[in-house]
Amino acid sequence: MLILGIESSCDETGVALVDASGSAVPRLLGHALHSQIEMHQAYGGVVPELASRDHIRRVLPLTEAALQQAGLALDAVDLVAYTRGPGLAGALLVGAGVACAIAAALNKPTLGVHHLEGHLLSPFLSIDPPEFPFIALLVSGGHTQLMRVDGVGRYALLGETIDDAAGEAFDKSAKLLGLGYPGGPALSRLAQQGDPEAFKLPRPLLHSGDLDFSFAGLKTAVLTQAKKLGDELAARKADLAASTQAAIVEVLVKKSVAALKQSGLKRLVVAGGVGANASLREQLNAACAKRGWRVHYPELHLCTDNGAMIALAAGMRVQAGLTDRAAATGTGYAFDVRPRWPLAELSLPT
């Protein structure tokens, strides 16, 4: 079972191939990725129309590159998977259209994959893959969620952000500090030079007693502090960045620990772009090691959006018998995309 996966939900075009034969975790054979960061930097953020046009230019050359890396021909593909949502509508349509065209040409089935399920399962491609069940901290773009994961398609939402997500807090705070795009990584780099205790910033909902998140108030506090500093901001920018990162990381770590305690589970999976943050990894590792728990991450190069996670999620769903592959074969390659698509809709009835 050779699966071609295409990711085009936002500002990365990713294509990958996995081998999902048998019952073993699908094995990555080849992947290619192009980031649009340089193109969007001039605008300070993602421009949806430009993103869509760039996906059109990149997706077929990347498909050829992934196939070449795997040493395979296109006609060896058994199933073509693509990101159906959530994401930017125009960007999603590019990947979906190309995937269905390739599948129609090969007379092979297609499968629309949930972007967040791809992130959620991506640590299974790591050197140290997790085992079910586990608690998942999903921190990707506009999403911050804690979930109990008992298997593929068996997801229980424990808590989520009620306003800004962690990734948005990083990006918006970076913009307030004039750090440009992409803001999150820039803020994290600057934070390495600063004092995380320099400014006392709020930790919203830290003691709320539930597992929900809120980061909008933190962003406002960063703005207020920046205005207070005035002309001193340039000299204290690293300290403010470090204090901002410390606030975000503390909330993520303590809520994750609380979720593990409440569930009785001893395994944590961290997925999504914010999962690449070095401070978050360091503090989660320490908190889990102290309690004898295991923590798993995707490989760093698979933390960002990529085709490997889409192909993997498709393979694991096929292995679990959660999709009727025959339904998409032959004629009728119509498709749709879901720019807003709650992950909870994928959960199997209990």
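Everything in this summary refers to the structure shown in the same document.

What counts as what
- Residues numbered from 1 in each chain as written.
- Predicted model: local features only at pLDDT ≥ 70, side-chain atom pairs only at ≥ 80, totals over all residues.
- Heavy atoms only, no water.
- Pairing = 2+ DSSP bridges.
- Helix = DSSP H or I, 4+ residues; strand = E, 2+ residues; numbered from the N terminus.
- Axes fitted to C-alpha atoms, helices over the stretch in contact; angles between N-to-C directions.
- Contact = heavy atoms within 4.5 Å.
- Phe/Tyr/Trp six-rings, centres within 6.5 Å; stacked < 30°, edge-to-face > 60°.
- Buried < 20%, exposed > 50% of the residue type's maximum accessible area, 1.4 Å probe, protein only.
- Core = buried A, V, L, I, M, F, W, Y, C linked by side-chain atoms within 4.5 Å.
- Polar contact = N/O pair within 3.5 Å; in protein donor to acceptor, adjacent residues only side chain to side chain.
- Disulfide = S-S within 2.5 Å.

Some points on the sheet that holds strand β7 (residues 143-151)
- What the 5 strands build is an open sheet, ordered β8-β7-β6-β9-β10; its pairing is mixed. The sheet is open, and its two edges are formed by β8 (154-160) and β10 (294-296), each paired on a single side. Across the sheet, the mean angle from the axis of one strand to that of its neighbour is 25°, orientation sign disregarded.
- In this sheet, strand β9 (residues 267-271) lies alongside strand β6 (residues 134-140) in parallel orientation, the contact comprising 4 bridges. For Leu138, the partnering residue across the bridge sits in β9 and is Ala271.
- In this fold helix α8 (residues 233-263) packs onto β6, β7, β8 and β9, with an angle of close to 155° to the strand it touches most, β6.

Details of the packing of aromatic side chains
- With the rule as written, the count across this model stands at 4 aromatic pairs.
- Seen in terms of ring centroids, Phe124 and Phe134 are 6.3 Å apart; in terms of plane orientation they differ by 50°. Their pairing is tilted. Within this pair, whereas Phe124 is found in the loop between α4 (115-121) and β6, its partner Phe134 is found in strand β6, the two being separated by 10 residues in sequence.
- The class for Phe134 is buried, based on a relative accessible area of 0%.
- Residues Phe213 and Phe215 carry aromatic rings whose centres are separated by 6.2 Å and whose planes lie at 15° to one another, so their mutual orientation is stacked.
- Residue classification places Phe215 among the buried residues on the basis of a relative accessible area of 0%.
- The structure contains a cluster of three or more aromatic residues connected by ring pairs, namely Phe124, Phe132 and Phe134.

Regarding the nonpolar core
- Membership of the largest hydrophobic core comes to 48 residues, with the highest contact counts inside it found for Leu137, Phe215, Leu240, Leu252 and Leu268.
- Counting only elements with at least two residues in this core, the list comes to β6, α5 (166-176), α6 (183-191), α7 (216-229), α8, β9 and α9 (278-291).
- Looking at this core, the element that brings in the most residues is α8, giving 14 residues.
- Of all hydrophobic cores here, the second largest spans 35 residues; its members include Ala16, Ala20, Leu116 and Leu343.

Digging into the sheet that holds strand β3 (residues 27-35)
- Reading across the sheet, the 5 strands line up as β3-β2-β1-β4-β5 and stay open at both edges, with mixed pairing between neighbours. The open sheet terminates on both sides in strands that have one partner only, identified here as β3 and β5 (110-114). Going from strand to strand, the sheet's axes swing by 20° on average, the running direction of each strand aside.
- As judged from the 5 bridges shared by strand β4 (residues 79-85) and β5, these two strands associate in the parallel manner. Counterpart to Thr83 in the pairing with β5 is Val113.
- Across the face of the sheet, helix α3 (residues 89-106) comes into contact with β1 (2-7), β4 and β5 while running at roughly 160° to β4.
- Docked against the sheet, helix α10 (residues 307-319) engages β1, β2 (12-19), β3, β4 and β5, running at close to 135° with respect to β1.

A look at the side chain of Asp164
- Tracing the backbone shows Asp164 in the loop between β8 and α5.
- Ignoring sequence-local partners within four residues, the contact set of Asp164 consists of Lys172, Ser214, Phe215, Ala216 and Lys219.

Observations regarding the environment of Asp212
- Locating Asp212 in the fold gives a position in the loop between α6 and α7.
- Sequence separation of Asp212 and Glu160 is 52 residues, and the distance between their C-alpha atoms is 4.7 Å.
- At a separation of 3.0 Å, a polar atom in the side chain of Asp212 contacts the main-chain amide nitrogen of Glu160.

What to know about the state of the cysteines
- Within the structure shown, the criterion is met by 0 disulfides.
- Just so you know, Cys288 is unpaired, no disulfide at all, and the nearest cysteine sulfur is the one on Cys303, 16 Å from it.
- With relative accessibility at 2%, the residue Cys303 sits in the buried group.

Re unusual backbone geometry
- Put simply, Gly85 and Pro86 share a cis peptide bond, and its omega is -15°.
- Summarising the element assignment, Pro86 is placed in the loop between β4 and α3.
- Residue Pro133 follows Phe132 across a cis peptide bond; omega there is -5°.
- A positive phi angle is found at Leu205, which is not glycine, with a value near 65°.
- Here Leu205 is to be found in the loop between α6 and α7.

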